[in-house]
Number of protein chains: 2
Amino acid sequence: VTAATVSGTPSRAELEPRLQRLRDALEEGGLDAALLVSSASVYHLSGTAQNAQLIVPVRGEPLLLVRRDLERARAESALGAVEPLVSLRGLEPALRALALGPGSSIGLELDVLPAADYLRYAALLPDRRLADAMPAVWAARAPKSPWELEHVRAACAQGSAAMHALPGLVRVGMPEADLLSELAYVMRAHGHEGTVRFRGLNSEFWFGQVLAGASAAVPGPTETPLAGPGLSASQGRGPSRRPLAAGDAVVVDVTGLADGYVSDQTRTVFLGEPDARLVSAYETCRAILDACEQLLVPGTPASALYERGLEVATEAGLDAHYMGFGPDRIRFVGHAIGLELNEAPALARGVETPLVEGAVIAVEPKLLFPGLGAVGVENSYVVRAGGPERLTLAGDDPIRVEP
Amino acid sequence: VTAATVSGTPSRAELEPRLQRLRDALEEGGLDAALLVSSASVYHLSGTAQNAQLIVPVRGEPLLLVRRDLERARAESALGAVEPLVSLRGLEPALRALALGPGSSIGLELDVLPAADYLRYAALLPDRRLADAMPAVWAARAPKSPWELEHVRAACAQGSAAMHALPGLVRVGMPEADLLSELAYVMRAHGHEGTVRFRGLNSEFWFGQVLAGASAAVPGPTETPLAGPGLSASQGRGPSRRPLAAGDAVVVDVTGLADGYVSDQTRTVFLGEPDARLVSAYETCRAILDACEQLLVPGTPASALYERGLEVATEAGLDAHYMGFGPDRIRFVGHAIGLELNEAPALARGVETPLVEGAVIAVEPKLLFPGLGAVGVENSYVVRAGGPERLTLAGDDPIRVEP
């Protein structure tokens, strides 16, 4: 395997601005270095997803310490220093050689780093301060380069293929889980890589959601507007074996995955004529999306989109149905996407992080009616000073299918 | 949603022996309670995979504290105490009420609990000793009940369906990734739930592996015998777009998933006539499997299967090819399965844990030849005093397909 035989290997020129954003944010946070281990972070900053630990000092060159496979990591990564890591004991001398000895502050991915590993670091790296690298990691990830956007566009094309196939696939009597299987099959045929990265413990995820009729309003364990019944209690979320029925609103939320980058898109199918409240609520979702689009410019605090959407929902008398129902409401209306489906910032209450030029943001207004169903629409956008560039290009009228 | 509307909800009688094994192992380890959060552990011991924290004291009743969705957790779980958890601050008084106040020892899932959560617990639960619950969790999980085995059998039936369809799907020129898509589609049509749980950071997994010819011997980031090139550097593992070719040995490793329980099975397709070394190595894989089967009885140390397989490989002159090649060899020949694909014990060098009656074990001898390919065979078994019961029933001759 050489770099030439695999796609998705960023050049050093592509990596450098990412590394510099990380360094700047680390320094601003009072840290001397980051030590990163999640595959998304390691890939983002080194160009390889092999099993490795990436040290990025605020000053000096990054060092990629590879457990396996070293040869592949060397072929794939444009970094200059790619060395073997035989044992975690190798970390201490490596840090010391980078002037990260006792007294230095090392940022870790505390949101996903297992506690056992954290405790191991604490034991192996005496007299370092171990802190949270995630604010810096998200600062490095937020703006996407033209090279990255190409991959997001390829992922969006997979989503479009699914949406294009959708009207021909939907039929009364088909279990909602089977419709998701069909859409997954279509996206795989268009190059979908399978395992969308959803950061965090218990973030099981499979291509997206197909939730029809009352299923769509079933709350669940996830911090997402739609949870769904799932196929069994052991899963507890996602599509079920409930058959699609005439009069269903079918919410279809699919994620593409190309060269590690995701897309996120939702459309609603009207299978026949759903309840008038759902039909009208869909127009409110579009009004929320329109209102949010106005705010997708650099400098907008992420929370502003959630709050603006809530205003529009409230004007329509649907605030109790916005992003969940009643006490189950989720306080966000979207999120950044990239190498992970749930990148920061979330467009959530209290998140004041300003959007940056080049960020890719999914806005997904959804309205839920317990016992009746849900409707929603979602697009992914690039934040631009002149206004957002929309990446998910399928039309956002309801998809009407005769039962 | 009520318990009646979802499958996979274990009765209290089903849960009780699991809880008792956990309590016994906690006590043996000097712990007063476990506080569990991974969806697999919470589901195993409470019957719901909703977002919750499960406290199991050595003495007294378990308490399930639910973030969301409370109503579903109450409908699904047979536990008596299922209460809301509004904030993590609720944990301290809850523990105190269970006589787990200052001075008590609480076991956590240190292998997957994020460091940030660990630090939060440490701050919110002063004067408790926080220790590792995993030895007790694995002791609780190891023996599968007849009820659990029914679900494993259902998962095996999905794998059998894939293997049955395989000869009709394989064709020269098809990318190996596309063959895995086809097999995934077949398994979904047979009820596969999609997201196989593979415990640990960066354990991205999608249905299994299809690796053909030289691809099969490409090492990668995973602690598994077969890694594969993957579709891009951002994934770095798994099938690639390499087209199947006449003369390929195609290793097909698929996992079923029914009501949360997995199956694991590997077969090798000979697409025409592979290199004689591969054909002969396949017979060595079968000899290893036969030798390991003899050891699948209660009391065998897990490592004994790895070592026995190595002996057989060495007798055949293939020790350098056993479970990887040269320095890339993985020191195991299989693993327990259940609610996660990589349950303990691993059949690995140095793991002296004895197999127990009712454990479900996947044995997967594989032999790798760099530049040429790999072969392998794998079955899942129940450990029984009278000798193992094989769960993956498809014949294990090489599957011969004319190119």
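All chains use their own residue numbering, which begins from 1 and follows the written sequence. To label them, take the chains in the order written and letter them from A, then take the ligands in the order written and number them from 1. Given that the model is predicted, a residue must reach a pLDDT of at least 70 before its local features are reported, and side-chain atom pairs must reach 80 or more before they are shown or counted; all residues, however, enter totals for whole chains, interfaces and linings. Here the side-chain values reflect all heavy atoms present in the structure, with hydrogen atoms and water set aside.

## A few points about the overall build of chain A
So the rule is basically this: Helix and strand labels come from DSSP, where a helix needs a run of H or I of at least four residues and a strand needs a run of E of at least two; each type is numbered from the N terminus. For a compact globule the rule gives 2.2 Å times the number of residues to the power 0.38, and the radius of gyration it is set against comes from C-alpha atoms. Any two residues whose heavy atoms approach within 4.5 Å are treated as being in contact. Where accessible areas are quoted, they stem from the Shrake-Rupley method and a 1.4 Å probe; at the residue level, only the protein chains shown are allowed to cover. His is not counted, nor are the chain ends; Lys and Arg add positive charge and Asp and Glu add negative charge. Where a charge sits is defined by one atom per residue type, namely NZ (Lys), CZ (Arg), CG (Asp) or CD (Glu).
Secondary structure summary: chain A contains ten helices and 19 strands in total. In terms of overall dimensions, chain A is globule-like: its C-alpha atoms have a radius of gyration of 22 Å, near the 22 Å expected for 403 residues. Here the C-alpha coordinates of chain A stretch approximately 70 × 40 × 40 Å along the principal axes. Here the contacts in chain A between residues at least 6 apart in sequence split such that 68% fall between residues at least 24 apart. On chain A, roughly 13,200 Å² of surface is accessible, and the fraction owed to carbon and sulfur atoms is 55%. The averaged location of the 49 negative side-chain charges in chain A is 4 Å from the averaged location of its 35 positive side-chain charges.

## Topic: the packing of helix α9 (residues 276-293) of chain B against helix α10 (residues 302-315) of chain B
The relative placement of two packed helices is expressed as an angle between their axes plus a distance between the axes. Residue and element names in this part refer to chain B. Worth spelling out the cut-off: What counts as an axis is a line fitted to C-alpha atoms, over the stretch in contact for a helix, and the angles between N-to-C directions run from 0 to 180 degrees. Two helices that cross are described as forming a left-handed crossing if the nearer one is turned anticlockwise from the farther one by less than a right angle, and a right-handed crossing if clockwise. Only Asp, Glu, Lys and Arg are considered charged, only Ala, Val, Leu, Ile, Met, Phe, Trp, Tyr, Cys and Pro nonpolar, and every remaining residue, Gly among them, polar.
Direction vectors running N to C along α9 and α10 enclose 145 degrees, while the axes themselves pass 9 Å from each other. The interaxial crossing formed by α9 with α10 has right-handed handedness. Contacts between α9 and α10 pair Thr284, Ala287, Ile288, Ala291 and Cys292 from the former with Leu305, Arg308, Gly309, Val312 and Ala313 from the latter. Among the residues forming the contact of α9 with α10, the class breakdown is seven nonpolar, two polar and one charged.

## Some words on the environment of Ala336(B)
Within the element layout of this structure, Ala336(B) appears in strand β12 (residues 332-336). Once residues lying within four places of it in the same chain are set aside, the contact partners of Ala336(B) are Leu341(B), Asn342(B), Glu343(B), Ala344(B), Pro345(B), Val360(B) and Ile361(B).

## A closer look at the side chain of Thr222(B)
Condition: Note on classification: 1.4 Å probe, protein chains only; a residue is buried when its accessible area is under 20% of the maximum for its type, exposed when over 50%, partly exposed between these limits. Polar contact is the term for a pair of N or O atoms within 3.5 Å; when the atoms are in protein, one must be able to donate a hydrogen and the other to accept it, and sequence-neighboring residues count only if both atoms are side-chain atoms.
Mapped onto the secondary structure, Thr222(B) falls in the loop between β7 (208-212) and β8 (249-254). Its relative accessible area of 16% is what places Thr222(B) among the buried residues. There is a polar contact of 2.7 Å between the side chain of Thr222(B) and the side chain of Thr224(B). Not counting the four nearest positions on each side in its chain, Thr222(B) is found in contact with Arg68(A), Ala227(B), Arg237(B) and Ile330(B).

## Describing the packing of helix α8 (residues 176-189) of chain A against helix α8 (residues 176-189) of chain B
What counts is decided by this rule: The scheme is simple: roughly parallel for angles under 35 degrees, roughly antiparallel for over 145, roughly perpendicular for 65 to 115, oblique for anything else.
Closest axis-to-axis distance for the α8(A)/α8(B) pair is 10 Å, and the angle between their directions is 175 degrees. Classified by the interaxial angle, the pair formed by α8(A) and α8(B) is roughly antiparallel. Contact residues: α8(A) offers Ala177(A), Leu180(A), Ser181(A), Glu182(A), Tyr185(A) and Arg188(A), while α8(B) offers Ala177(B), Leu180(B), Ser181(B), Glu182(B), Tyr185(B) and Arg188(B).

## Let's talk about the packing of aromatic side chains
Formally: Pairing of aromatic rings covers Phe, Tyr and the six-membered ring of Trp, with a centre-to-centre limit of 6.5 Å; geometry is then stacked below 30 degrees between planes, edge-to-face above 60, and tilted otherwise. A ring is considered to have a charge above it if a Lys NZ or an Arg CZ atom is located within 6 Å of its centre and within 35 degrees of its normal.
On inspection of all chains with the given rule, the structure shows eleven aromatic pairs over all chains. Centroid distance Trp206(A) to Phe207(A): 4.7 Å. Interplanar angle 75 degrees. Geometry classified as edge-to-face. Exposure class is identical for Trp206(A) and Phe207(A). Each is buried. Judged by centre distance (6.0 Å) and plane angle (75 degrees), the ring pair of Phe270(B) and Tyr282(B) falls under edge-to-face. Here Phe270(B), found in strand β11 (residues 265-271), pairs with Tyr282(B), found in helix α9; they are twelve residues apart in sequence, far enough to count as distant. Residue Phe270(B) is classed as buried on the basis of its relative accessible area, which comes to 1%. A network of ring pairs unites the aromatic residues Trp206(A), Phe207(A), Trp206(B) and Phe207(B) as a single cluster. For Arg188(A), the ring lying beneath its charged end belongs to Trp206(B), and the centroid distance is 4.0 Å.

## Concerning the sheet that holds strand β17 (residues 379-382) of chain A
Residues and elements named next belong to chain A. What counts here: Strands pair, by our definition, only if DSSP identifies at least two bridges between them.
An order of β13-β12-β14-β17-β18 is seen for the five strands of this open sheet, with the pairing classed as antiparallel. Edge strands, defined here as strands with exactly one partner in the open sheet, are β13 (343-348) and β18 (389-390). Sheet contacts for helix α9 (residues 276-293): β12 (332-336), β14 (360-363) and β17; angle to β17, the most-contacted strand, approximately 10 degrees.

## Remarks on unusual backbone geometry
Negative phi values dominate among residues other than glycine, just as trans dominates among peptide bonds. All names here are of chain A. The omega torsion of the bond from Arg68 to Asp69 falls at 0 degrees, within 30 degrees of zero and hence cis. Mapped onto the fold, Asp69 is located in the loop between β3 (63-68) and α3 (70-76). One non-glycine residue with positive phi stands out, namely Ala99, at about 65 degrees. Considering the arrangement of structural elements, one finds Ala99 in the loop between α4 (91-97) and β5 (105-108).

## Brief notes about the relation of the copies chain B and chain A
Under the convention used in this document: A residue counts toward the fit only if its pLDDT is at least 70 in both copies, and the copies are then superposed by least squares on the C-alpha atoms of those residues.
Of the two same-sequence chains, chain B is brought onto chain A (RMSD 0.0 Å, axial shift 0.0 Å) by a rotation of 180 degrees. Classification of the inter-copy transformation places it as that of a two-fold axis. Mapped onto chain A, 100% of the interface residues of chain B again fall at the interface, so both copies present the same surface.

## Some remarks on the side chain of Glu148(B)
All names here are of chain B. Turning to its location among the elements, Glu148 is positioned in helix α7 (residues 146-169). At a separation of 2.5 Å, a polar atom in the side chain of Glu148 contacts the side chain of Tyr261. The residues touching Glu148, leaving out its near neighbours within four places in the chain, are Glu14, Arg18, His44, Pro143 and Tyr261.

## Considerations on empty space enclosed by the protein
The criterion, for reference: Only protein atoms enter the 1 Å grid used here. Points where a 1.4 Å probe fits but cannot escape make up a cavity, open sets with protein on both sides within 12 Å along at least five of seven lines make up a pocket, and a residue lines them when an atom lies within 4 Å of a point. Grid points are joined across faces, edges and corners, and a volume is the space filled by probe spheres set on the points.
This structure, assessed with the given rule, holds two cavities of 30 Å³ or more. Secondary structure elements with two or more residues in the lining of the largest cavity: α2 (39-46) of chain A together with α2 (39-46) of chain B. A breakdown of the residues in the lining of the largest cavity according to their chemical character gives 17 nonpolar, 14 polar and eight charged. Surrounding the second largest cavity, Ser181(A), Ala184(A), Tyr185(A), Arg188(A), Trp206(A), Phe207(A), Ser181(B), Ala184(B), Tyr185(B), Arg188(B) and Trp206(B) form its lining. Mapped by element, the contributors of at least two residues to the lining of the second largest cavity are α8 of chain A together with α8 of chain B. Of the residues assigned to the lining of the second largest cavity, the class counts are seven nonpolar, two polar and two charged.

## As for the sheet that holds β7(B)
The strands making up a sheet associate through backbone hydrogen bonding, with each pair oriented either parallel or antiparallel. Residues and elements named next belong to chain B. Spatially, four strands are ordered β7-β8-β11-β19 in an open sheet, and the strand pairing comes out mixed. Each edge of the sheet is formed by a strand with only one pairing partner; in this case those strands are β7 and β19 (399-401). For this sheet, the mean angle separating the axes of adjacent strands, direction not counted, is 20 degrees. One ladder, built from six bridges, connects β8 with β11; its direction is antiparallel. Bridge pairing links Val252 to Arg267 in β11. Running over the sheet, α8 touches β7 and β8 and is turned about 145 degrees from β7.

## A few points about the interface of chain B and chain A
Keep this limit in mind: What gets called buried area is simply the loss in accessible area from a 1.4 Å probe that two parts show on being joined, summed for both. Salt bridges are counted wherever a side-chain nitrogen of Lys or Arg sits within 4 Å of a carboxyl oxygen of Asp or Glu.
Listed per partner, the contact involves 67 residues of chain B and 67 residues of chain A. Interface area for chain B against chain A, summed over the two sides, is near 5,500 Å², with a carbon-plus-sulfur share of 51%. Taken together, the links from chain B to chain A amount to two salt bridges. Taking the shortest distance from any N to any O, the salt bridge between Arg197(B) and Glu204(A) comes out at 2.8 Å. Inspection of the region where chain B meets chain A yields 48 residue pairs in polar contact (both at pLDDT 80 or more).

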